[in-house]
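Fold and geometry: a report
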Amino acid sequence: MSTNWRELFPTKLTFVIFLLYMSLFIGQGIFVTASQESNNSYGYNTVTVVLLTEVFKLIVSTCLYCRYNNLRSLVRDVHKDRNVLALYMVPAFLYCLYNNLAFVNLATFDPTTYYLLLQLRVVVTGILFQIIFKKYLSQRQWISLILLTLGCMMKQVNFGSFYSDANDDSESAAIQQQQSLNRTTAAEKHVHGKNMSGFDFSLSAVFILAQTICSCLAGVYNEYLLKDKGADVNIFVQNVFMYLDSIVCNAVILLLRGELLDAFSPQNLGSIMRFSVLIIIVNNAAIGIVTSFFLKYMNSILKTFASALELLFTAVLCYFLFSIPIYMNTALAIAVVSYAIYLYTQSPVVNLGKVRPLSSLNDATAKSTDKRKLLDEEAAESDLDMV
């Protein structure tokens, strides 16, 4: 078996996007954790931070579009493809929930456990991918996805119970064993007040499941819009659609919570204007823009594997930065996840849809008419080759 790097990363730039995506997501968990108070709460309004992040994304995408165009052209493109703008309300709402739940769940779980639990989305993403794109995964691809999920479940296994003396059935031995098990479980479960054991059938489990479902639906549907319904729309215009809708969704959340006006008071804005919070806004904005390139020129299946790779680096960084230990269950889970990723590289999913492979950023900013012309030319060449 050989790794199909060419299918995995069609161009060098897609590999750069892959690495950048991982680095930024690793930063998300670390930056959000570093911004928390000693009791794992936040000294700022997290919804306001998400809203300001979407505003920053909108500004950056507009500036990138205007490198080769102008604002009048942007307004014209938005009006021309307003039906696509309406379609983006679905992933915008899902990403809105996902981004806000990230703050909630990172206040409960340590970053390594957080990313492991999010890998439960892998199989769901595979199913949605088949339904929406009608591209059925091979047996090896499904095995790799299932292994990835099992690796995440392994994080919940308490290996401390396997080291007890099973041959000693005395009452004192049983009591000592239970006390030792309780101490081990308590130590593992709440280091620095964080849940490190995974699901515990509480409200935190509901929140992580909700975030997982939002991630699956938003990722696959966003890829569908980028590669099918909006394939001939400039990627920065598509980003403008997403961020306009996201701003509306976050504003509605603030309105429903009765915090729309208070969220932008001098006191609240002052708590946000700190480096530890501003770096979150910049990092998350970069994640949003890079994700759009990732989904347009690669696919949501590979994105789940990129997310799983973050575990390797997140666990090590959290050990050095926050003194969060790496237990045996975490190490084994990471090992299984790593093998699943290796297995997937032998037979990766290829789903370019109606877009061309990305060789330079100029390709992404080309006018839609030029893209459509190139696609038609390639289709004609393919027909000639078949003849």
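Procedures and definitions
Residues numbered from 1 in each chain as written. Predicted model: local features only at pLDDT ≥ 70, side-chain atom pairs only at ≥ 80, totals over all residues. Heavy atoms only, no water. Phe/Tyr/Trp six-rings, centres within 6.5 Å; stacked < 30°, edge-to-face > 60°. Helix = DSSP H or I, 4+ residues; strand = E, 2+ residues; numbered from the N terminus. Buried < 20%, exposed > 50% of the residue type's maximum accessible area, 1.4 Å probe, protein only. Polar contact = N/O pair within 3.5 Å; in protein donor to acceptor, adjacent residues only side chain to side chain. Contact = heavy atoms within 4.5 Å. Patch = residues over 30% accessible without salt bridge, like charges linked within 9 Å, V, L, I, M, F, W, Y side chains within 5 Å. Areas by Shrake-Rupley, 256 points an atom, 1.4 Å probe, with all protein chains shown as cover. Salt bridge = Lys/Arg side-chain N within 4 Å of Asp/Glu carboxyl O. Expected span 1.5 Å × (residues − 1). pLDDT = per-residue confidence, 0-100. Axes fitted to C-alpha atoms, helices over the stretch in contact; angles between N-to-C directions. Parallel < 35°, antiparallel > 145°, perpendicular 65-115°, else oblique. Left-handed = near helix turned anticlockwise from the far one by under 90°. Nonpolar A, V, L, I, M, F, W, Y, C, P; charged D, E, K, R; others polar.

1. Comments concerning the packing of aromatic side chains
A full pass over the atoms with the stated rule returns 15 aromatic pairs. Between the aromatic rings of Y21 and F294, the centroid separation amounts to 4.9 Å while the plane-to-plane angle is 50°, which identifies the pairing as tilted. Here Y21, found in helix α2 (residues 12-34), pairs with F294, found in helix α14 (residues 275-297); they are 273 residues apart in sequence, far enough to count as distant. F294 shares its class with Y21; the two are buried. Here the aromatic rings of Y44 and F103 are separated by 6.4 Å at their centres, their planes lie at 85°, and the arrangement is edge-to-face. Placement of the pair is Y44 in the loop between α2 and α3 (46-65) and F103 in helix α6 (residues 89-106), with a sequence separation of 59 residues.

2. Concerning the side chain of S292
Its location among the elements puts S292 in helix α14. The buried category is assigned to S292, whose relative accessible area is 3%. Reaching out from S292, the side chain makes a polar contact with the backbone oxygen of I289 at a distance of 2.5 Å. Ignoring sequence-local partners within four residues, the contact set of S292 consists of L226, I235 and N239.

3. What about a nonpolar patch on the surface?
Together, F313, V316, L317, Y319, F320, L321 and I326 make up an exposed nonpolar region whose accessible area comes to about 680 Å². Along the polypeptide, I326 turns up in the loop between α15 (300-322) and α16 (328-346). Exposure remark for I326: the relative accessible area of 39% places this residue in the partly exposed category.

4. A word on helix α12 (residues 235-256)
Compared with an ideal rise of 1.5 Å per residue, which puts 22 residues at 32 Å, α12 spans 32 Å between its outermost C-alpha atoms and is within 8% of the ideal. A distance of 2.8 Å separates the backbone nitrogen of F236 from a side-chain oxygen at the start of α12, and that oxygen is part of N234. Looking one or two places after α12, you find G258, whose phi comes out positive at around 70°.

5. Structural notes on the environment of I289
Structurally, I289 is set in helix α14. The sequence separation of I289 and F236 amounts to 53 residues, and the corresponding C-alpha distance is 8.7 Å. Setting aside residues no more than four positions away along its own chain, I289 makes contact with K57, V60, S61, N239 and Y243.

6. Re unusual backbone geometry
With a phi close to 65°, N40 is a non-glycine residue in the positive phi region. The residue N40 is located in the loop between α2 and α3 in this model.

7. Looking at the pattern of salt bridges
Scanning the model with the defined rule gives four salt bridges in all. The residue K57 makes a salt bridge to E54 at a minimum N-O spacing of 3.3 Å. You can see K57 and its partner E54 sitting in helix α3, three residues apart, about one turn around the helix. By relative accessible area, K57 is classed as buried at 7%. E259 is paired through a salt bridge with R257; the nearest N and O atoms lie 3.4 Å apart.

8. So, the environment of T125
Secondary-structure assignment places T125 in helix α8 (residues 121-133). Note: C-alpha distance between T125 and I213 (88 residues apart in sequence) is 9.0 Å. If near-sequence neighbours (up to four positions away) are discounted, T125 is found in contact with C216, V220, S300, I301 and T304.

9. Observations regarding the confidence of the model for the protein
Chain-level statistics for the protein give a pLDDT mean of 78 and a share of 76% at 70 or above. Within the model, pLDDT remains below 50 along residues 164-191, and this stretch shows 18 contacts once partners closer than five positions in the same chain are excluded. In this model residues 371-387 is a low-confidence stretch, pLDDT under 50, and it forms 12 contacts with partners more than four residues away in sequence or in other chains.

10. Some points on the packing of α3 against α14
Packing of α3 against α14 brings their axes to within 9 Å, and their N-to-C directions diverge by 55°. Compared by their axis directions, α3 and α14 come out oblique. Our pair here, α3 against α14, has a crossing hand that is right-handed. In this structure, α3 contributes V49, L52, T53, F56, K57, V60 and S61 to the contact, and α14 contributes V277, I280, I281, V282, N284, A285, G288 and I289. Partitioned by chemical class, the residues of the contact of α3 with α14 number 10 nonpolar, four polar and one charged.

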